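Summary of structural features
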Amino acid sequence: MKKLYNIKSFSTLLFLIIVVLPVFCGLVYATLYSFEIVGIINSGFTTKHWEDIIQGSAFWSSIGFSFYVAICSVVISLIFALAMALSWKKNLQKGALSTAIYLPLCFPGTVMAFFMFQFLSKSGFLSRLGFASGVLEDINSFPALINDAYGIGIIITSVVLITPFFVILFSNIYHTENIEAYKELATTFGASKRQLLQKVTLPILLKKSSVTIYLFIIFVMGSYEIPLLLGRQSPQMISVATVQKIQRFNLYDIPKGFAMSILYVLIIMSVLLFLYFRNRDYFKSETTK
Amino acid sequence: MIKRTLQYGFIISIGFPVVFLLVLSLGRRWAYPNILPEQISFANWEFLQQSDSKLFQAFFVSLGISLCVAVFVTALGFVISKFIAYSQRRNTFLVLAYIPYLLSPVIMAIIFQYYFIITGLTGTFLGVIIAQFLVAFPFGIIIYLNFWNAQLKSMEELSYTLGGSRWQTYKKVLLPLSKNALMLCFFQVFLISWFEYGLTNLIGSGKIRTLTVSVFNFVTEANIFYAALACFLLILPPMLLLYINKRFILFVEKTEL
Amino acid sequence: MSQFLTIQHLYKTFGKETVLQDINLTLDKNTVLSLLGSSGSGKTTLLKIIAGIETADKGNIFLEGNNISDQKPQERHIVYLYQEALLFPHLNAFENIAFGLRLQKMNESLITEKVHLMLKNIEMTKHAKKMPPQLSGGQKQRISFGRAMIIEPKLLLLDEPFGALDASTRSKMQELFKTLAHNMNLSALFVTHDLKEAIVMGDQIGKIQKGQLVQYETKNEFFNDAFSGVQKEIDFWKSIGQNT
């Protein structure tokens, strides 16, 4: 069985090289750069970029704005998805709806963002419809939904992209967890319709999908293409803000960009660890006892 | 009745963006407040006959990159994930795989871009493939880790005790049983790569023009009709996949497909 | 080394937990040794080590006088059967049985002939074309036996093979297995947690508990040993008899 051990350690090594090494090496370089130990402008060790980032408001407002967009998008999606998955549960299993619900998953963020821009901007399709029907008097009376201060365009686009996913997820859980049977059981205990929803259906669905929901918050927080097209200069979501710092012509912004990336990576890692220790079962599988 | 109407309304609103993009891709001049473009013609679509057109090339650059990334991740991930799944430190590996999976790809690109620059990989086809591979591989591992289980391991062992060699066991037991997992991984990774913009643009430094990069280029050039056309081309392969088998469009962790 | 199977001083630990401790065991040719053990006793690990799927930390295994401790599972000619039938879901009943023969690249007509004979022996001829989900628990287990026995392994290891079956199917399968074992001159280790089944199935009996194994020379010795629990069982049934 010697040979098997070799394949095993080789596989492990390859995994570490592909998965861990790039992130690790990247972080090392980013750290050195952010302290100006390496890089075009390196003038010797300095902590000034870190001080700027941590004490300044730009980074934290980006993180805060990203978090706000993510929470709004996910919560709104959840409400829509739960309503659809529960009230249309039969049609979601077969028929036109069961296929149609997959269609939005064919849209990458880029395309959906482009569509929303053409649809919701001041000169977009909706505004033209409003004008043609006489609801709008001129282009400026159409509300700012794109490149707006509250990230409305970003949130709408994210909601449209995520909701179908949650609908499918809930619809699947409803069947695999055999919620119907639990509901029947609860009915024999005398539960009302409202109680069935509050005490049986929703808790099971949300508990089973909790980690996925958290992961989606993280995904939306890190999204790039959608805010790049639909966001504005300030407030900016974290990915857009970081890339902009790195690509600026002002060389003194680059170390700040790296410091922001490191902080972002650290935040994601700590959230992941927190999720891992809170939800061991989710990460466990049948392969380990 | 209300339920029916709502459902039909929903289905129509789902289909609307597809039709909208198609109409826009046929358009020329769309001044406010016209509802539809003033001219509708196939002029924009003539790129199909010109193999030197930017869009034509972008389509095949995208296709080439996505196919390569999907093949590599599917094949390598299959073998590696198996050892990880049965390892005692499986959970540690899983958490490690989640780190790059959860990070925004464009942030990943920022932190490892330097190494692509010093190896001369930025702005090359190979560089973009490697960068996308690094981002997609952990996802492949996560898909497969949901798939390997005790039952499958027992079947593999059974095949050994019945006299099957390692190769025979792969060919006659593991691969046939893994067909769905392999397809799922292939299509999922293909889509990730097909949809990717931020990392591709950064590592490709604008020289590798995939379809997503084209969309953004057309948008900055204010050429919305070509952008719409590129968008339409972007959603074609996934829609084709949806038509073939909708199960491969999405990966839902921990729930049966 | 006149014994067919001999195990000497076998040890196995998982981390800090000692699973098998100084296991010694002998088995004659054409006999069935029942091993009585509850879950967590280490019985599954022992069988897996014999089959070559797990490795022992220490100790030796001899089959027909040859030390097989370092051999690959493929070379040992020992088949390990799980509690689940584990039929390959992509193959029908016939192909499941033929699996081992196909690995040997045996010619087609011989495979057909052998499989049909086996199907007859296990009374499954009617179900040859069925896919695993169409078979009942007992039928699956029959196919699983057929699949193992058709390659004529030197030794068969059975890990609670009837554990998941209902009582009547279970006794039918015990019957079938005994007949087959006799007709095909099988040597087998039969692990069960059921006292009665251990007595019915085994020519010899052993008991494994907390990683330690006691092998009894004769069934009588087993019946008389307080550790075996047989006497307790007899007393229980007697007490019921007296009370009614």
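Since this is a predicted model, take the numbers as computed values, not measurements. (Residues numbered from 1 in each chain as written. Chains lettered and ligands numbered in written order. Predicted model: local features only at pLDDT ≥ 70, side-chain atom pairs only at ≥ 80, totals over all residues. Heavy atoms only, no water.)

Some points on the interface of chain C and chain B
Rules: Contacts are assigned to residue pairs that have any heavy atoms within 4.5 Å of one another. Each of two parts loses accessible area, computed with a 1.4 Å probe, when they are put together; buried area is these two losses added. The salt bridge criterion pairs a side-chain nitrogen of Lys or Arg with a carboxyl oxygen of Asp or Glu, the two atoms within 4 Å. Here a polar contact means two N or O atoms within 3.5 Å. Within protein one must be a hydrogen donor candidate and the other an acceptor candidate, and residues neighboring in sequence count only if both atoms are side-chain atoms. Secondary structure elements follow DSSP: runs of H or I of four or more residues count as helices, runs of E of two or more count as strands, with numbering from the N terminus.
Contacts between the two partners involve 24 residues from chain C, matched on the other side by 18 residues from chain B. In total, chain C and chain B occlude about 1,900 Å² of area from one another, counting both sides; carbon and sulfur atoms represent 67% of this. Where chain C meets chain B, there are one salt bridge. Put simply, Lys48 of chain C and Glu157 of chain B hold a salt bridge, and the shortest N to O gap is 3.7 Å. Where chain C touches chain B, the interface holds five residue pairs in polar contact (both at pLDDT 80 or more). Elements supplying a minimum of two residues to the side of chain C that touches chain B: helix H1 (43-51), helix H2 (73-76), strand E6 (78-81), helix H3 (93-103) and helix H5 (137-149) of chain C.

Quick notes on the interface of chain B and chain A
The condition is simple: Asp, Glu, Lys and Arg are counted as charged, while Ala, Val, Leu, Ile, Met, Phe, Trp, Tyr, Cys and Pro are counted as nonpolar; the rest, among them Gly, fall into the polar class.
Taken together, the 86 residues of chain B in the interface contact 87 residues of chain A. Summing both partners gives a buried area of about 8,000 Å² for chain B against chain A, and 79% of it is carried by carbon and sulfur. Sorting the residues of chain B by area buried against chain A places Tyr32, Leu102 and Ile111 of chain B first, and these three jointly supply 10% of that buried surface. Scanning the region where chain B abuts chain A turns up zero salt bridges. Top element by residues in the side of chain B that touches chain A is helix H1 (residues 2-25) of chain B. It accounts for 14 residues. For the side of chain B that touches chain A, the class distribution of residues is 66 nonpolar, 11 polar and nine charged.

Quick look at the sheet that holds strand E2 (residues 17-27) of chain C
Residue and element names in this part refer to chain C. Applicable threshold: Here the rule is simple: two strands pair whenever DSSP picks up at least two bridges between them. Think of each axis as a best-fit line through the C-alpha atoms, taken over the contacting stretch in the case of a helix, with angles from 0 to 180 degrees between the N-to-C directions.
Read from one edge to the other, the open sheet built from four strands follows the order E2-E1-E4-E5, with strand pairing classed as antiparallel. Each having just a single partner strand, E2 and strand E5 (66-67) make up the two edges of the open sheet. Pairing geometry for strand E1 (residues 5-14) and strand E4 (residues 58-63), over five bridges, is antiparallel. Note on E4: the bridge partner recorded for Leu5 is Leu63. Helix-sheet contacts for H1 involve E1, E2 and E4, and the interaxial angle to E1 is about 120°.

Topic: the confidence of the model for chain C
Counted only if it meets this: Every residue is assigned a pLDDT by the predictor, reflecting its confidence on a scale from 0 to 100.
Across chain C, pLDDT averages 88, with 98% of residues at or above 70. Across the assembled chains, the prediction reports ipTM 0.91 with pTM 0.86.

As for the nonpolar core
Stated formally: Only buried Ala, Val, Leu, Ile, Met, Phe, Trp, Tyr and Cys residues count toward a nonpolar core, and they belong to the same one when joined by side-chain atoms within 4.5 Å. We call a residue buried when its accessible area falls under 20% of the maximum for its residue type, exposed when it is over 50%, and partly exposed in between, using a 1.4 Å probe and counting protein chains only.
With 264 residues, the main nonpolar core has Phe166 of chain A, Tyr98 of chain B together with Leu46, Leu156 and Phe177 of chain C as its most contacted residues. If you tally residues by element for this core, the top one is helix H5 (residues 125-145) of chain B, at 14 residues. Not counting the four nearest positions on each side in its chain, Leu156 of chain C is found in contact with Val79, Leu81, Ala148, Met149, Phe177, Leu186, Ser187, Ala188 and Leu189 of chain C. Counting residues in each nonpolar core, the second largest holds seven residues, with Leu36, Ala198, Ile205 and Phe222 of chain C among its members.

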